[in-house]
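Working through the structure, step by step
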Amino acid sequence: MARHWANTALMNCLSTIPFLAVAGLIGLSTPAKATEYYVEQINVLPASPSDQDAVLLVISGYLANTQSFVSSATATVDGFNVSVTITAGNFGGINIPVTVAHADTIALGTLPAGVYTISLSGTMILDSAPTAQHSFTVSGGAATACDSLVLAGISWSPFSDTALLVHVFNPTSALFDYPGFILLGTNGDTLAKETVNFFGIGQESWHTLAVQPGATIPQGPFNGTLELWTLFGQELACSWELSFNLCPPEPCAPLNVFIQNTGGGMTVGSFHYTVRQMGNEVGSGTFMLTQDAQYDSDSLCLPPGNYLMEVVPDQGPTGGQPSFGVSLGYEVQGPSTPLVFTTLSAVAFNFYAPCADGTQGIVMDDPASLVLYTGQGRASVRRTDGHALGKLLVFDAQGRIVLDAVEAGAQHEWSTAGWASGLYLLREQGLHGSLLTVRWVVP
């Protein structure tokens, strides 16, 4: 009778204590759940990876209660199958049914181009991620690397009538070993060819193509094919069918004039330069060389033609071995000559000479170009000739594509909110084969 009373009193007392607390007091636990981790999302970073990117899988979801845990999350890649194994468990004790967000990041490394399928398995997990998230595509191969090359300019070499110049940006890690460009005419005949001179294509490079013996460069705009061969001409890496115009847009093209000391002491003083065409002055200015600066330059804009550059020192002979000439920056050097203090020094140069008579001139009054507007987290671009923009790609400073769009109109607008500060490059490929580029800085 006493034992029955004691049990009854104990049960009456325990009935006033929440069940979970009672379970802890008397050594009981709630039944273990079969699922401790519910997978809700599978994300791939970057969202559109190429075979040049290190791919990450981000597996996210929620734990069933406060005692649930994930002890491991691993992945193996077998061909185009990605097998993810996740081990979940429960610490035991009191399970409070409060969901807890959880995520794991798994590095897959670089992957060959192709379509991959993701399968999830493991212990005490439930895969509830959308079906579409169980596959992703890695782009790659020569086509992807070629698509990322930015052809910024294809023209006559500014200081030669026997060579063409290809200006190219390479924002990818693809090297294009021992590259050589070839320009083919409408009928497939070779117009100009590059002698391999580079180990690969860097972030920005200039390639000189010699006009082939007997080749006739078409007058005015023409359709043709630009090919990029690698490994000393053994493998065709890229091919572009485009409309070419080898002359600069009117009315003039940029040109650098410079003076520099090539050694043998310091050259200090001021030097007056004059650029003439048929005896008429078309540009002038003054160079300054100091103890701290042994190079000086100035920028001009001249139409195609034949010119003479003269330099006169404003003081007597100094040290060093100064010379002067013309160029397009440091990359494309034109004629130069030593400076003589005792006589008038001059150097003659041709500037886009094949375009001087107008046979290769621009036929449009308003040559096509891009005008970019930015501000307040927005950007827009338009073509000055009113034609449709076509394919638009924007690359960041690391060569990643941050915008990929097709515009059927002459203007396109997009948001730059959240973009990192730095340099960006926009490439536009028109519907008729034109290639235009513009660079800007996001503050």
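Residues numbered from 1 in each chain as written. Predicted model: local features only at pLDDT ≥ 70, side-chain atom pairs only at ≥ 80, totals over all residues. Heavy atoms only, no water.

Things to note about the environment of T437
Secondary-structure assignment places T437 in strand 30 (residues 435-442). With 12 residues separating them in the primary sequence, T437 and L425 have C-alpha atoms 7.1 Å apart. Not counting the four nearest positions on each side in its chain, T437 is found in contact with V150, L151, A152, L370, L425, L426 and R427. (Helix = DSSP H or I, 4+ residues; strand = E, 2+ residues; numbered from the N terminus. Contact = heavy atoms within 4.5 Å.)

Some details on the sheet that holds strand 30
Spatially, 4 strands are ordered 27-26-29-30 in an open sheet, and the strand pairing comes out antiparallel. Strands with a single pairing partner mark the edges of an open sheet, and in this sheet they are strand 27 (401-407) and strand 30. On average, each strand axis in the sheet is tilted by 15° relative to the strand beside it, whichever way the strands run. As paired elements, strand 26 (residues 390-395) and strand 27 share 6 bridges and run antiparallel to each other. By the bridge assignment, L392 is partnered in strand 27 with A405. (Pairing = 2+ DSSP bridges. Axes fitted to C-alpha atoms, helices over the stretch in contact; angles between N-to-C directions.)

Some words on the pairing of strand 20 (residues 305-313)
Summarising the sheet, strand 17 (residues 269-277) and strand 20 pair through 6 bridges and their orientation is antiparallel. Residue pairing in the sheet places H272 in a bridge with V312 of strand 20. Across 7 bridges, strand 20 lies against strand 23 (residues 345-351) in antiparallel orientation. Across the sheet, the residue bridging to V311 is S345, located in strand 23.

Considerations on the sheet that holds strand 5 (residues 100-109)
Strand order in the open sheet formed by 4 strands is 5-2-1-7, and the pairing between neighbours is mixed. Each having just a single partner strand, strand 5 and strand 7 (125-127) make up the two edges of the open sheet. When strand polarity is set aside, the average angle formed by the axes of neighbouring strands in this sheet is 30°. Looking at chain direction, strand 2 (residues 55-63) and strand 5 are connected through 9 bridges and run antiparallel. The partner of L57 across the bridge, within strand 5, is I106.

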